[in-house]
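If you want the building blocks of each chain, they are given just below.
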Amino acid sequence: MNPRLLLAIYLAITLAPLGLSAFSGRPARSLWDELASGAGMLAYAIILAEFLLSGRFRSISRRIGMDVTMRFHQLFARSALVFALLHPFLYRAPSKPPYPWDTTRQLTLTDDLSAIASGVAAWLLLTPLVLQAIGRDRLDMRYEVWRLMHGLGAAAVAALLLHHTLAAGRYSADPVLAAVWIGLFAIALASLLSIYLVKPVLKRMRPWVVDSVRPVAARTWEVTLAPRGHGGLRYLAGQFAWLNIGHGPASLFENPFSISSAPAAGNRVAFIIKELGDFTRTVGRIRPGTPAYLDAPHGHLCVAGRDEPGIALIAGGVGIAPLLGILRQLRLDRDPRPTLLAYGNRVAEQIVCRDEIDDLARHHGTRVIHALQEPPPGWTGHSGMLDAAFFRDHLADPGMREWLFVICGPPAMMDAAETALIGLGVPARQIICERFRYD
Ligand SMILES: Cc1cc2nc3c(=O)[nH]c(=O)nc-3n(C[C@H](O)[C@H](O)[C@H](O)COP(=O)(O)OP(=O)(O)OC[C@H]3O[C@@H](n4cnc5c(N)ncnc54)[C@H](O)[C@@H]3O)c2cc1C
């Protein structure tokens, strides 16, 4: 889906209730009362749209990337929180039974405690929900536990707010607006159900099994899966999957990893996984034959269909995983375009699949520049980080201005690469990135 169309759909969802209220024909109230209702409606509409943004819908993330999608999810959640916090404090009208002559509740707010109580409960729940997500790293809590709490908390807020909006909302007395709220809530619920109910069923129908686990660098493993009873996965080189190894298809124990294999290489899929936390530290102990499930393919880090005259791949650390998949595919396709791989690590032992990369350089003609922060004696590659100076030195060739640049690695390296490329006059549409962290 075109990003502009995505934006238009997003705006339509979040602004529809406000627009319908504005044209409801009800007599206007004081500016503060209208602002209060508007803030509440905006907050609720944004919260409902959050379910779509976090719902792993390919039509969204395929165009703008999962990292950007999740960044929007986080930023919109913060704005929803601000609108929600303001909502009760902006009202000026008194909360009391309606005057007999004021049938549209122009002058008073509802005093129905049950209608207010659901709003207060949601209001109280929303702040810790957002703050907990912002400070997740500082919590002594497993990612999966946080994710479960976040999902359940968000569903509770959405349900409480539906009750509050329909019971207390002045404009929701209009059956059209009430139907819109119910419809938006149903869509949000459906996106939750699609992840936790529909996807597990689909995954169960397409099981995988661990074929091999091999070390490819210090504390880094390549895990290969084989399809069990089906033809495999249709994906593009550079995409990623949510991988679940050794748990049932409905398990919350699944992590995103880039696919490092090339679709043209056959129906096995491979992942390069660096030890980091609870799951990744156990990867080296996974036995062949262990069942696995994939939620895939996701992501937009793909060169398929791009017609730039050359491709530069810029990788830092385990960010090599998707780029290796792309290089492997380009080689199998015998793609004639020039390729460059700039690959940074701290020490030589961290270079993933070094022999294969050397082989690519020899046979596919890829120009490879290894960069090491702590090079060993006699190191012939670049010494230092992939930083602004490196990019200015190695990517400034005017002939490369038309190339496609694919970037994956630590945030600081990615920021430096993007800034340097833009500074060198490379248009933003020729730069594609995938971040391994959403925050
Ligand atoms: C699109 C994408 C592609 C990635 N590709 C690779 C790759 O090819 N190779 C590689 O080694 N790493 C990759 N990562 C990072 C990898 O997902 C994390 O290192 C891994 O999930 C950590 O899990 P853990 O249980 O070992 O650590 P934990 O201590 O549980 O988590 C460490 C951090 O990893 C992130 N994380 C953990 N679980 C999830 C989850 N289910 N969803 C989203 N984020 C999560 C969170 O930010 C968390 O704080 C990728 C991440 C993303 C988003």
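Residues numbered from 1 in each chain as written. Predicted model: local features only at pLDDT ≥ 70, side-chain atom pairs only at ≥ 80, totals over all residues. Heavy atoms only, no water.

Asker: Could you clarify how one ought to interpret the pairing of strand β9 (residues 367-372) in this entry?
Answerer: Regular strands place their side chains on alternate faces of the sheet. Sheet analysis places strand β8 (residues 339-345) next to β9, joined by 6 bridges and oriented parallel. Bridged to Y343 within β9 is H370. With helix α9 (residues 354-363) bridging β8 and its parallel neighbour β9, the resulting β-α-β unit is right-handed. Inspection of the sheet shows β9 paired to strand β10 (residues 382-383) by 2 bridges, in the parallel sense. By the bridge assignment for β10, L372 is matched with S383. (Pairing = 2+ DSSP bridges. Helix = DSSP H or I, 4+ residues; strand = E, 2+ residues; numbered from the N terminus. Right-handed = clockwise from strand over helix to strand, strands pointing away.)

Asker: Could you clarify how one ought to interpret the pattern of salt bridges in this entry?
Answerer: Two side chains with opposite charge may pair up if their charged atoms get near one another. Inspection of the entire model under this criterion finds 22 salt bridges. With a closest N to O distance of 3.3 Å, R29 and E34 form a salt bridge. Overall, R29 belongs to the buried group, its relative accessible area being 12%. In the salt-bridge network here, residues are joined through shared partners; they are R56, R147, K199, K203, E254 and D295. (Salt bridge = Lys/Arg side-chain N within 4 Å of Asp/Glu carboxyl O. Buried < 20%, exposed > 50% of the residue type's maximum accessible area, 1.4 Å probe, protein only.)

Asker: In this structure, what is going on with the site of the ligand? I would like to understand it.
Answerer: For the ligand, the set of nearby residues contains 24 residues, the closest of which are E254, P256, I272, K274 and T280. In this structure, a nitrogen atom belonging to the ligand sits 3.1 Å away from a main-chain N or O atom of S258. At 2.8 Å, a backbone N or O of I272 approaches a nitrogen atom of the ligand. Burial of the ligand by the protein chains amounts to 91% of its free accessible area of 890 Å². At the level of secondary structure, the elements contributing two or more residues to the shell around the ligand comprise β3 (240-245), β4 (255-258) and β5 (269-274). Ranked by the residues each element gives to the shell around the ligand, the list is headed by β4, at 4 residues. Here the shell around the ligand gathers at least three residues from each of two domains, domain 1 (3-203) and domain 2 (207-298). (Near = heavy atom within 4 Å. Polar contact = N/O pair within 3.5 Å; in protein donor to acceptor, adjacent residues only side chain to side chain. Areas by Shrake-Rupley, 256 points an atom, 1.4 Å probe, with all protein chains shown as cover. Domains from an automatic or database assignment.)

Asker: Got a minute to help me understand the sheet that holds β4 in this structure?
Answerer: Pairing between sheet strands relies on hydrogen bonds along the backbone, with the strands arranged either parallel or antiparallel. Reading across the sheet, the 6 strands line up as β4-β3-β6-β1-β2-β5 and stay open at both edges, with antiparallel pairing between neighbours. Two strands bound the open sheet, and with one partner strand each, they are β4 and β5. Averaged over all neighbouring strand pairs, the angle between strand axes comes to 40°, with direction disregarded. Two elements, strand β1 (residues 208-217) and strand β2 (residues 220-227), share 8 bridges in a ladder whose sense is antiparallel. When the sheet's bridge partners are listed, W208 is paired in β2 with P227. (Axes fitted to C-alpha atoms, helices over the stretch in contact; angles between N-to-C directions.)

Asker: Even after reading the chapter, I still don't get the packing of helix α1 (residues 3-22) against helix α2 (residues 31-53), so can you show me in this structure?
Answerer: How two helices pack is summed up by the angle between their axes together with the distance between the axes. Between α1 and α2, the least distance of the axes is 9 Å, while the angle of their chain directions is 155°. Comparing the axis directions of α1 and α2 gives the class roughly antiparallel. Like other packed secondary-structure pairs, α1 and α2 cross with a definite hand, here right-handed. Contacts from Y10, I13, T14, L15, P17, L18 and S21 of α1 reach α2 at G38, M41, L42, A45, I46, A49, L52 and L53. Broken down by class, the residue content of the contact of α1 with α2 amounts to 12 nonpolar, 3 polar and no charged. (Parallel < 35°, antiparallel > 145°, perpendicular 65-115°, else oblique. Left-handed = near helix turned anticlockwise from the far one by under 90°. Contact = heavy atoms within 4.5 Å. Nonpolar A, V, L, I, M, F, W, Y, C, P; charged D, E, K, R; others polar.)

Asker: Explain the packing of aromatic side chains here, please?
Answerer: Ring pairs (aromatic) are described by centroid distance and by the angle formed between their planes. Throughout the structure, instances matching the rule amount to 9 aromatic pairs. Their ring planes at 65° and their centres at 6.0 Å tell us that F89 and W123 sit as a pair that is edge-to-face. Separated by 34 residues along the polypeptide, F89 in helix α4 (residues 66-90) and W123 in helix α5 (residues 113-134) bring together distant segments of the chain. Judged by its relative accessible area of 58%, F89 falls in the exposed class. Exposure remark for W123: the relative accessible area of 27% places this residue in the partly exposed category. Ring centres of Y143 and W146 lie 5.5 Å apart, and the angle between their planes is 55°; this geometry places the pair in the tilted category. Of this pair, Y143 and W146 both sit in helix α6 (residues 143-168), 3 residues apart, which is roughly one turn of the helix. (Phe/Tyr/Trp six-rings, centres within 6.5 Å; stacked < 30°, edge-to-face > 60°.)

Asker: Looking at this model, I keep getting lost on the sheet that holds strand β11 (residues 404-408). Mind explaining?
Answerer: Within the open sheet, the 6 strands sit side by side as β10-β9-β8-β7-β11-β12. Their pairing is parallel. Lying at the two open borders of the sheet, with one neighbouring strand each, are β10 and β12 (431-433). Sitting on the sheet, α9 touches β8 and β9, and the angle it makes with β9 is about 145°.

Asker: Quick question: what am I supposed to make of helix α8 (residues 320-332) here?
Answerer: Since one α-helical turn is 3.6 residues long, residues separated by three or four positions face the same way. Given a rise of 1.5 Å per residue, 13 residues ought to cover 18 Å, and the 18 Å separating the end C-alpha atoms of α8 matches this to within 8%. With 11 of 13 residues buried, α8 is to be regarded as a mostly interior element. Immediately downstream of α8, the backbone of R334 shows phi near 50°, a positive value. (Expected span 1.5 Å × (residues − 1).)

Asker: Mind showing me how you'd approach the domain arrangement of the chain here?
Answerer: Interface size is commonly expressed as the accessible area that is lost once the parts come together. The domain architecture assigned to the chain consists of domain 1 (3-203), domain 2 (207-298) and domain 3 (311-433). For the pair domain 2 and domain 3, the summed buried area comes to about 1,200 Å², and 67% of that belongs to carbon and sulfur atoms. When the buried area of domain 2 at its contact with domain 3 is split by residue, S260, I272 and K274 rank highest and sum to 31% of it. One can count 1 salt bridge joining domain 2 with domain 3. The partner of R328 in a salt bridge is E222, and the shortest N-O contact between them spans 3.2 Å. (Buried area = accessible area lost by both parts, 1.4 Å probe.)

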